[in-house]
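Listed below, chain by chain, are the residues.
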Amino acid sequence: MLSKRIIPCLDVHEGRVVKGTNFVQLRDAGDPVELAALYDQEGADELIFLDITASSDNRETMVDVVRRTAEQVFIPFTIGGGLRTIEDIRRMLRAGADKIALNTSAVQNPRLIQEGAHAFGSQCIVVAIDARTSAPGQWEVYIHGGRTATGKDVLEWAAEAEALGAGEILLTSMDRDGTKIGYELELTRAVSRAVSLPVIASGGVGTLEHLAEGLTLGEADAVLAASIFHYKEYSIEEAKRYLAQRGILVRHS
Amino acid sequence: MIGIVDYGRGNLRSVEKALEKVGFEATIMASPTELSTVNGLILPGVGAFADAMQALGQGGWIEPLTQFARSGRPFLGICLGMQILFEIGEEHGEHAGLGLLTGRVVKFPRGRKVPHMGWNSLRLEQPSHLLEGIPNESYFYFVHSYYAEPGEKKDIVATSDYGVVVPAVVGKDNVWGAQFHPEKSSPWGLQILTNFGKWVNEDDTLSSHRS
C-alpha cells in the first residue's frame, strides 16, 4: 500500500540553508547538499528546497545546489521560489530536480501550470498555495511570500490548478506557520477533499502528534516540516516510528 | 557501458548519477547511432505515452530500439519508459507502443488519487536476477497516472497495491521494466540498478567469449 510521506523543507538563501524565527534574523544552518544527503540517509521520503532569495542573480547558485544534490541524493526533491518561466523550470529539471513548486507565478500566470505540465508532465508541477483564513471555513490565497492578498478562494484555486494540470498541492497555512500549534486541519481536509491530487500539509507543526493529525484528521498524503527537524527536536526516524505506532503506514528502509 | 536514451523526455541526469553512485559507467545517448557502443540500455521517461512515442519516432529511435531488444542485450525501461515497452497505451486515445511486451497501458479506475505518487511496497511475484537481494515489502518511489496490464501473467515479476494491483516490475528475456523510479528509491532502488549493472557486465563477458 502507498505510504504517507514525511518531507523536510530546507530554506535556501544565497546557496546556504538558513533558519530563523522571522525573515530578519536568518541564521546559517549549513550546506544544503550535506543536509539533504543526511535527511536522505535518515529516511526522509522526499525533500523540498525553497529559494527564499529567489532573485534572478541568485538563480545560478540554486542551479548549482540542484546539480550537486542530484549527485548525492537518491530520493525525489522539489525546487521552489521565484521560478517564472518554462525556461526556469526546464533548467531546474535538467539540473536534476524532480519537481518544481510554483506559487506567485502560477497565480499571476495560470497558463504556466498548463504549459509546464504539457512540456514536462503533471508529475513535476507542484502548485504551492499560501492560505489565510478570511472567514470561518473560508481561506484566501496569498502571494509574494504572504504579503499580497489575491481575492482568490483557496478551494477554487486548488481545483483550478488541478484542472490546469498540476500534479500535487503544497498547502501552507499562513495562520499556523511558525506557531508550532499544529497544522490547520480543517483547511487541509477541505483542500484534500476538493482535489483528487496528493496534498502536502505545511505550516504549524511542532510535535510528532501534529504530523499524525495532518495525515489522519487533515487527510493529507504527506506532511512537510522544517524547524522540528532542523533544530533536531526530532529525527526523521523518531517521527516514522511514532507514526507507525499510531497505525499510519510509513516507509521503513 | 550502459546507454541512457535521451529523447527529451525524462530525468536522465538522475539515472546517470545513480548508476555512477553504484559504480557503473553510463552514457547519455542523443542519437540511435550510439546504440552499437553499449552493452545495456536504459529507457527513462516522464510525461505522456503518445508524446513519448512521437519523440522517439522523431529521433529515429523506434526501429533501432526494437533491434537492440532483439540483440539480447539487457534493456530496462523506467516509469513511462516501461509503459511504452507494451503494445498499446490508452492515454488520450489509443496509441501504439514499442510492442516489446504484450499488453496495454490503462488509466486507473476512479476512486483513488491520481497520480499514484509516493512510496509503495513491492510484492515479489517470482524470483528474478533484477530483484536479487530485494526484500519482499520493500518500498519504491512511484509517480504515474496509468498502469500496465500485461498480456502474459508470467511477465509480471513484482506488483504493488494501489487499490488495484499495479505491475511494478515486468520482464521477459532481456527486456525489463520498472514502473517506479529506481534512481529515486534509495536504498533499494540503487540495489536494482546495481543488479542491472552487474547483469550488463556479465552479459558483456558472455558476448566477448562468443565472438
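Scroll up a little and you will see the structure.
Residues numbered from 1 in each chain as written. Chains lettered and ligands numbered in written order. Predicted model: local features only at pLDDT ≥ 70, side-chain atom pairs only at ≥ 80, totals over all residues. Heavy atoms only, no water.

(A) Region of interest: the overall build of chain A. The number of helices and strands found in chain A is ten helices and twelve strands. Here the C-alpha radius of gyration of chain A, 17 Å, is about what a compact globule of 253 residues would show, namely 18 Å. Oriented by its inertia axes, the alpha-carbon framework of chain A measures out at about 45 × 40 × 40 Å. Expressed as a percentage of contacts within chain A between residues at least 6 apart in sequence, the contacts between residues at least 24 apart total 66%. Element-wise, carbon and sulfur atoms account for 48% of the exposed surface of chain A, whose accessible area totals about 10100 Å². Between the averaged position of the 26 positive side-chain charges in chain A and that of its 36 negative side-chain charges there is a distance of 1 Å. (Helix = DSSP H or I, 4+ residues; strand = E, 2+ residues; numbered from the N terminus. Rg over C-alpha atoms; globule rule 2.2 N^0.38 Å. Contact = heavy atoms within 4.5 Å. Areas by Shrake-Rupley, 256 points an atom, 1.4 Å probe, with all protein chains shown as cover. Lys, Arg positive; Asp, Glu negative; His and termini not counted. Charge placed at Lys NZ, Arg CZ, Asp CG, Glu CD.)

(B) View of the side chain of T188 of chain A. Residue and element names in this part refer to chain A. Checked against the element boundaries, T188 lands in helix α7 (residues 185–194). In terms of polar contacts, T188 uses its side chain to reach the backbone carbonyl oxygen of E184, at 2.7 Å. Setting aside chain neighbours within four positions, we find T188 in contact with L171, A201, G218 and A220. (Polar contact = N/O pair within 3.5 Å; in protein donor to acceptor, adjacent residues only side chain to side chain.)

(C) The arrangement of the pattern of salt bridges in detail. All names here are of chain A. One pass over the full model with this rule turns up 24 salt bridges over all chains. Taking the shortest distance from any N to any O, the salt bridge between E60 and R91 comes out at 2.6 Å. Here R91 lies in helix α3 (residues 86–95) and E60 lies in helix α2 (residues 59–72), a separation of 31 residues in the sequence. A relative accessible area of 46% places E60 in the partly exposed class. Overall, R91 belongs to the partly exposed group, its relative accessible area being 31%. Where K99 meets E168, a salt bridge forms, and the shortest distance between an N and an O atom there is 2.9 Å. Of this pair, K99 sits in strand β6 (residues 99–102) while E168 sits in strand β10 (residues 168–173); the two residues are 69 residues apart in sequence, bridging distant segments of the chain. Each member of the pair, K99 as well as E168, is classed as buried. (Salt bridge = Lys/Arg side-chain N within 4 Å of Asp/Glu carboxyl O. Buried < 20%, exposed > 50% of the residue type's maximum accessible area, 1.4 Å probe, protein only.)

(D) Broad picture of the interface of chain B and chain A. Facing 31 residues of chain B, the contacting portion of chain A comprises 40 residues. Taking both sides of the interface into account, the surface hidden between chain B and chain A amounts to around 2700 Å²; carbon and sulfur atoms contribute 55%. By the criterion of area lost to chain A, the three top residues of chain B are K113, M117 and W119 of chain B, representing 26% of everything that side buries. Taken together, the links from chain B to chain A amount to four salt bridges. With a shortest N-O distance of 2.8 Å, D98 of chain A and K184 of chain B are connected by a salt bridge. Within the residue set of the side of chain B that touches chain A, elements represented by two or more residues are α1 (12–21), β8 (116–121), β10 (139–144) and α5 (188–210) of chain B. Broken down by element, the side of chain B that touches chain A gets its largest block of residues, six residues, from β8 of chain B. (Buried area = accessible area lost by both parts, 1.4 Å probe.)

(E) Main features of the environment of A97 of chain A. By the secondary structure assignment, A97 of chain A is in the loop between α3 and β6. Overall, A97 of chain A belongs to the buried group, its relative accessible area being 1%. C-alpha of A97 of chain A to C-alpha of P136 of chain A: the two residues are 39 residues apart in sequence and 38 Å apart in space. If we skip the residues at most four places from it in the chain, A97 of chain A touches V66, F77, I79 and M92 of chain A together with N11 of chain B.

(F) Inspection of the sheet that holds strand β9 (residues 123–124) of chain B at higher detail. All names here are of chain B. An order of β2-β1-β3-β4-β14-β13-β12-β9 is seen for the eight strands of this open sheet, with the pairing classed as mixed. The two strands at the open ends of the sheet, each matched to only one other strand, are β2 (26–29) and β9. For strand β1 (residues 2–5) and strand β3 (residues 40–43), the ladder comprises three bridges, and the chain directions are parallel. Counterpart to I2 in the pairing with β3 is G40. Sheet strands touched by α1: β1, β2, β3 and β4 (75–78). Its angle to β1, the strand with the most contacts, is close to 165°. (Pairing = 2+ DSSP bridges. Axes fitted to C-alpha atoms, helices over the stretch in contact; angles between N-to-C directions.)

(G) Seen up close, the side chain of K113 of chain B. Tracing the chain through its elements places K113 of chain B in the loop between β7 (103–107) and β8. Residue class for K113 of chain B comes out buried when judged on its relative accessible area of 17%. Here the side chain of K113 of chain B touches D221 of chain A through a polar contact of 2.8 Å, side chain to side chain. Other than its neighbours up to four places away in sequence, K113 of chain B contacts S192, V195, S196, L197, P198, V199, E219 and D221 of chain A together with Y162 of chain B.

(H) A look at the sheet that holds strand β6 (residues 95–96) of chain B. All names here are of chain B. Read from one edge to the other, the open sheet built from four strands follows the order β6-β5-β7-β11, with strand pairing classed as mixed. The open sheet has two free edges, formed respectively by β6 and β11 (146–150), since each of these has just one partner strand. Across two bridges, the pairing between strand β5 (residues 88–89) and β6 is antiparallel. From the neighbouring strand, G89 faces β6, where its bridge partner is H95.

(I) Spatial organisation of the packing of helix α1 (residues 32–42) of chain A against α2 of chain A. Residue and element names in this part refer to chain A. Packing of α1 against α2 leaves a shortest axis separation of 9 Å and a crossing angle of 30°. Taken together, α1 and α2 sit at an angle that is classed as roughly parallel. α2 is crossed by α1, and the crossing has right-handed handedness. Contacts between α1 and α2 involve P32, V33, A36, A37 and D40 from the former and V65, R68, T69 and Q72 from the latter. In terms of residue class, the contact of α1 with α2 is made up of five nonpolar, two polar and two charged. (Parallel < 35°, antiparallel > 145°, perpendicular 65-115°, else oblique. Left-handed = near helix turned anticlockwise from the far one by under 90°. Nonpolar A, V, L, I, M, F, W, Y, C, P; charged D, E, K, R; others polar.)

(J) Local environment of the packing of aromatic side chains. Residue and element names in this part refer to chain B. The final tally for this structure, using the stated rule, is nine aromatic pairs over all chains. A centroid spacing of 5.5 Å and a plane angle of 70° characterise the contact between F142 and F180, whose relative ring orientation is edge-to-face. With F142 in strand β10 and F180 in the loop between β14 (175–178) and α5, the pair connects residues that are 38 residues apart, well separated along the chain. Accessibility classification places F142 together with F180 in one group, the buried group. Both rings, one in W176 and one in W199, keep their centres 6.2 Å apart while their planes meet at 85°; by these two values the pair is edge-to-face. (Phe/Tyr/Trp six-rings, centres within 6.5 Å; stacked < 30°, edge-to-face > 60°.)

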